[in-house]
Amino acid sequence: MEAPGCINEHAQSDLLERIKELSCLYGIARLAAETNLSIDAVLDGVVEVLPAAWLYPDGACARIVLDDRSHSTSNYTRRVRHRQRAPIIIDGRQRGYIEVAYPQEKPERDEGPFLKEERALLDTVAREVAAIIMRREAEQDKVKLEEQLRHADRLATIGQLAAGVAHELNEPLGHILGFAQLVQKCPGLPIQAKADVDRILNTSLYAREIVKKLLIFSRQISPQKTRVNLNHLVRNGLNLLEFRCASDGIVIRCSLSPDLPEIDADPSQVTQVFVNLIVNAIQAMPSGGTLTICTLKERGKVSLTIEDNGVGMDEEVLQKIFTPFFTTKDVGLGTGLGLPVAHGIITAHGGSIKVESKVGKGTTCRIQLPTKRNRLL
Ligand code: ADP
Ligand code: MG
């Protein structure tokens, strides 16, 4: 039988341990309540509150690993004498773990130098951390979805506006072109006047191209699909641009998959996408560079990747590239319609377009198009 003083001491140390546990859980709850903290900041905070809840707080260190990212107390070292771990399980999948460790030797307790209660606490903390991450990620997804919806909404409005403007402009432009062509045919036209009419013609043709792009962007021109091989379209597009690349000091590296399945696509629209992307790549390499073009057969899809090692884009530009009329180029060099048009065309073909870029390193555009036969054809 234990002496009353001894029981009292036990009860007191138990109580102390419970208080430490509760302080730890309270600290984590407070971190979870700070909605403006990022997940990383919350995890940094959680590792800091953990050691104080363990039996030897001064000798304890803690670490959380989530998706290969690690958060640890400053005294954490990989070479520890004893460690306790609990998995972080989110949506039934282990995404990482939480660990408390003693770098130095400690006296034996229930589980090595750890208490049973500490195991239970670590499991509770791991579950709590998983719940926090799940909530934060759900919030992030919601914000992202709302932003995508706003973007789609903006695009639809701009699309309607663009279609309206394009239709209105088409007719007067047709007149300008038609009359300029008539003037050009007038006998005895002075040389200067002829040169000026040529300029009117060229500028009107350029304007008509923009109108056409607007109509494609706003899906007023639907794709005229046939069975085509993407490699042929790439070769045709390259024929148009090879000379320009060579004169700009750009080396083309082309790797076209020999067993590419055919796709249902509008050849001129897909060529337009290709040309838009290549022109962007050329403009991004003003002092030359390498343009890598690659086609690949994938499951149920074909992909086309266009990579340049030009100036690249920062995150801010990258966010806006599919917004109509967004351009960083001078007047005459860019209309800000190349990528929105490409996006419109590829979406109308049931495909996807993704752009990755790093400032000073270059840009990669990847298009995927389905190979499934369109039964309406
Ligand atoms: P535009 O070329 O007429 O400006 P785009 O829609 O084709 O319009 O492109 C929008 C913007 O995206 C460009 O102004 C440029 O800032 C950026 N961009 C597009 N492609 C590239 C690229 N390959 N490298 C660097 N920046 C690019
Ligand atoms: Mg462009």
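Values in this document were obtained by computation on a predicted structure and should not be read as measured data.

## Remarks on a nonpolar patch on the surface
Together, Leu161, Val165 and Leu169 make up a nonpolar patch on the protein surface, roughly 270 Å² of accessible area in all. Among the structural elements, Leu169 can be located in helix H3 (residues 116-185).

## With respect to the pattern of salt bridges
Under the criterion given, the structure shown has 14 salt bridges. In this structure, the salt-bridge partner of Arg69 is Asp40, at a minimum N-O distance of 2.4 Å. Residue Arg69 is located in strand S2 (residues 69-72), and its partner Asp40 is located in helix H2 (residues 39-49); the two are separated by 29 residues in the primary sequence. The exposure class assigned to Arg69 is partly exposed, which follows from its relative accessible area of 47%. The partner of Glu99 in a salt bridge is Arg85, and the shortest N-O contact between them spans 2.8 Å. In this pair, Glu99 is assigned in strand S4 (residues 93-102) and Arg85 in strand S3 (residues 82-90), connecting sequence segments 14 residues apart.

## Topic: empty space enclosed by the protein
Applying the stated rule across the entire model yields one cavity of 30 Å³ or more. Considered as a void within the structure, the largest cavity measures approximately 70 Å³ in volume. Taken together, Leu230, Leu233, Val234, Val270, Val273, Phe274, Leu304, Ile346, Ile367 and Leu369 make up the full set of residues lining the largest cavity. Looking at the lining of the largest cavity, the elements with two or more residues in it are helix H5 (230-247), helix H6 (267-284) and strand S11 (362-370). Here the lining of the largest cavity is built from residues that sort into ten nonpolar, no polar and no charged.

## With respect to the nonpolar core
The nonpolar side chains of a soluble globular protein tend to be buried with one another. Judged by nonpolar contacts, the single largest core of 49 residues is most densely connected at Leu230 and Leu291. With eight residues, the single largest contributor to this core is H6. Look past the residues within four positions of Leu230 in its chain and what remains in contact with it is Leu260, Ile263, Val270, Thr295, Val302, Ser303, Leu304 and Leu369. Of all hydrophobic cores here, the second largest spans 34 residues; its members include Ile90, Ile98, Tyr102 and Phe114.

## Describing the state of the cysteines
By definition, a disulfide links the sulfur atoms of two cysteines through a covalent bond. For the structure shown, the criterion picks out zero disulfides. The closest cysteine sulfur to the non-disulfide-bonded Cys365 is located on Cys294, 13 Å from its own sulfur.

Cut-off values and rules
Per chain, the residues get numbers from 1 upward, laid out in the order the sequence is written. As they are written, the chains are lettered A onward and the ligands numbered 1 onward, keeping that order. Predicted model: local features are reported for residues with pLDDT of at least 70 only, side-chain atom pairs are reported and counted for 80 or more only, and whole-chain, interface and lining totals are derived from all residues. Derived side-chain values reflect all non-hydrogen atoms in the structure, with water molecules and hydrogen atoms excluded from consideration. Each patch is assembled from residues with relative accessible area greater than 30% and no salt bridge, linking like charges that lie within 9 Å and nonpolar side chains (Val, Leu, Ile, Met, Phe, Trp, Tyr) that lie within 5 Å. For the area figures, the Shrake-Rupley method with a 1.4 Å probe applies, and any residue is considered shielded solely by the protein chains shown. Only one rule defines a salt bridge in this text: a Lys or Arg side-chain nitrogen within 4 Å of an Asp or Glu carboxyl oxygen. Working definition: helices are DSSP H or I runs of at least four residues, strands are E runs of at least two. Numbering for both runs from the N terminus. Under the scheme applied here, a residue whose accessible area is under 20% of the maximum for its type counts as buried, over 50% as exposed, and between as partly exposed, the area being computed with a 1.4 Å probe on protein chains only. A pocket, in this scheme, is an open set of points on a 1 Å grid over the protein atoms alone with protein on both sides within 12 Å along at least 5 of 7 lines, while a cavity is a set where a 1.4 Å probe fits but cannot get out; residues line either one if an atom lies within 4 Å of a point. Grid points are joined across faces, edges and corners, and a volume is the space filled by probe spheres set on the points. Any residue that is not Ala, Val, Leu, Ile, Met, Phe, Trp, Tyr, Cys, Pro, Asp, Glu, Lys or Arg is counted as polar, Gly included; the first ten are nonpolar and the last four charged. We call a set of buried residues a nonpolar core when its members are Ala, Val, Leu, Ile, Met, Phe, Trp, Tyr or Cys and they connect through side-chain atoms within 4.5 Å of each other. Here, residues are in contact when the closest pair of their heavy atoms is within 4.5 Å. Whenever a pair of cysteine sulfur atoms sits within 2.5 Å, that pair is classed as a disulfide.

That's the geometry; what it means functionally is another story.
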